[in-house]
Structures are given as C-alpha cells and as structure tokens.
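Architecture at a glance
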Amino acid sequence: AGSEAILALHDECELAPSTEAIAERAGVSPRALWRYFDDAEDMARAAISRQQERLAPVFARPIDTSGTRHDRVQRAVTHRIELVDAMGNVGKVARLRAPFNPAIAAELQRVRREVRRLLGAALRPDLEALPRRRAETTLAAIDVACSYEAVELLRSDHGLASPAVEAMLVDAVHAHLAAAEAGSEGRR
C-alpha cells in the first residue's frame, strides 16, 4: 500500500512526499507505515518494484522491425514516447533523487540500459549496415535525442504537443542515421 501511495503522489506532482502524506494516501498511520518497511530505502525499493510492474507491459511490447526505415523509426519513436508517458512524474522523481539514493540510481541505470537496448533492437537493420563503432555512437546519439529528458524538455520548456515532439524525434533519428551513413561512406 505504501509503495502504491508513493507512486500515486508522484503522479500528482508531489515529488518529495512526507511520511505523513504517504501514510494518509495509503490509509494507515505513519507508525503503521513503518511496520511494512524497514526504512526509507526499503520504501523506495518497494516503489521501484511497483513501478517496474506498471512499466512491464510497455517494455514487453515488441517493436516491429519490418518495412521501410521510416516505418522502423516511427515505431521506435512512438514506443519511446509511450515509455516516457508510462514513466510519468516518477521519471522526474527518479532523476532528481538518483544522486542521493543508490537504489533509485541503480534502477534508473537499469531502465536506461533497457530502453537503449529496445531502441537498438528496433533500429537493428539500419545500425547493422554501419561499422560497429559508428553504429554504437549513432545509437548513443539517437538514445539521447529520444531520451526522457529530451521529451520532457520539448513538452514543458518549449510547450510542444506530443504529435510535434514525435515528428521532431523522427526527424532527429533520420538525421542521425543519415549522418552515420554519410560518415561511414566517407571513410571507406
């Protein structure tokens, strides 16, 4: 109940809820809350576990790699935006608290590796055509361009709606792939 309460408060933009707020949301007293958790770190681990369950269906959905490059890029970007949306404010909290909480930092690192792996798998036909090192750096650039932070920046600071963000990211992925191909051709 406490981990679900934390996530619900994060979803409502309460980025650092107090023990009292968590207990109230969970429908227990603050003292009773500590019967379920050893300490704040244990509560964070429980919230991480619950967030993993919430994200699992999006992570598990395969990204179709058939069709044209544009089809693959579109599906990869759409999937990434779905992941960002599923992460919601918990993604913000994780990025804010990771430097101060080893459990959150480890989970954030794991999630970042997994979303990069998914992106690489979605763009495999395009990346395999490049020299290995060039493919790695291109995937890294695409991963950053499509990151949670980039999507949030485009939405919040630039005020762009999701369709505009998606179109921009599709263009960015195409640009990175084209630049990688041009760079590889120039070196042969």
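Reference entry: report on the structure contained in this document. (Residues numbered from 1 in each chain as written. Predicted model: local features only at pLDDT ≥ 70, side-chain atom pairs only at ≥ 80, totals over all residues. Heavy atoms only, no water.)

For the rest of this paragraph, the subject is the overall build of the protein chain. Across its full length, the protein chain carries 10 helices and zero strands. Each helix (α) and strand (β) of the protein chain, taken in turn from the N terminus, gives the series α-α-α-α-α-α-α-α-α-α. By its C-alpha atoms, the protein chain is 65 × 30 × 30 Å across when sized along the principal axes. At a minimum sequence separation of 6, the contacts of the protein chain that also span at least 24 residues come to 67%. Looking at the protein chain as shown, the accessible area adds up to about 10000 Å², and 55% of this sits on carbon and sulfur atoms. Charged side chains of the protein chain number 26 positive and 28 negative; the gap between the two group centres comes to 5 Å. (Helix = DSSP H or I, 4+ residues; strand = E, 2+ residues; numbered from the N terminus. Contact = heavy atoms within 4.5 Å. Areas by Shrake-Rupley, 256 points an atom, 1.4 Å probe, with all protein chains shown as cover. Lys, Arg positive; Asp, Glu negative; His and termini not counted. Charge placed at Lys NZ, Arg CZ, Asp CG, Glu CD.)

What follows is about the layout of surface pockets. For the largest pocket, the calculated volume is near 470 Å³. In this structure, the largest pocket is lined by 28 residues; those nearest its centre are H10, A47, V93, R97 and I104. Residue assignment for the lining of the largest pocket shows that the elements contributing at least two residues are helix 1 (2-11), helix 2 (19-26), helix 4 (40-60), helix 5 (69-97) and helix 6 (102-122). Tallied by class, residues from the lining of the largest pocket come to 20 nonpolar, five polar and three charged. (1 Å grid on protein atoms, 1.4 Å probe; cavity = no way out; pocket = protein on both sides within 12 Å on 5 of 7 lines; lining within 4 Å. Points joined across faces, edges and corners; volume = space filled by probe spheres on them. Nonpolar A, V, L, I, M, F, W, Y, C, P; charged D, E, K, R; others polar.)

Right, let's talk about empty space enclosed by the protein for a bit. Under the counting rule described, the total for this entry stands at one cavity of 30 Å³ or more. Space inside the largest cavity adds up to approximately 30 Å³. As for the largest cavity, its lining consists of I63, A76, H79, R80, L83, V115, L118 and L119. Secondary-structure elements contributing two or more residues to the lining of the largest cavity are helix 5 and helix 6. Of the residues forming the lining of the largest cavity, the biggest block, four residues, is contributed by helix 5.

One way to put it is that helix 4 packs onto helix 5 with a least axis distance of 10 Å and a crossing angle of 170°. Considering their axes alone, helix 4 and helix 5 lie roughly antiparallel with respect to each other. Counting all contacts with helix 4, which are made through Q51, L55, V58 and F59, the residues of helix 5 involved are H79, E82, L83, A86, M87 and V90. For the contact of helix 4 with helix 5, the per-class residue count stands at seven nonpolar, two polar and one charged. (Axes fitted to C-alpha atoms, helices over the stretch in contact; angles between N-to-C directions. Parallel < 35°, antiparallel > 145°, perpendicular 65-115°, else oblique.)

Below, the discussion takes up the packing of aromatic side chains. Tallied over the full model, the rule gives zero aromatic pairs. A cation sits over an aromatic face here: R95 above Y148, 4.1 Å from the ring centre. (Phe/Tyr/Trp six-rings, centres within 6.5 Å; stacked < 30°, edge-to-face > 60°. Lys NZ or Arg CZ within 6 Å of the ring centre and 35° of its normal.)

The quantities given are spatial measurements derived from coordinates; they are silent on function.
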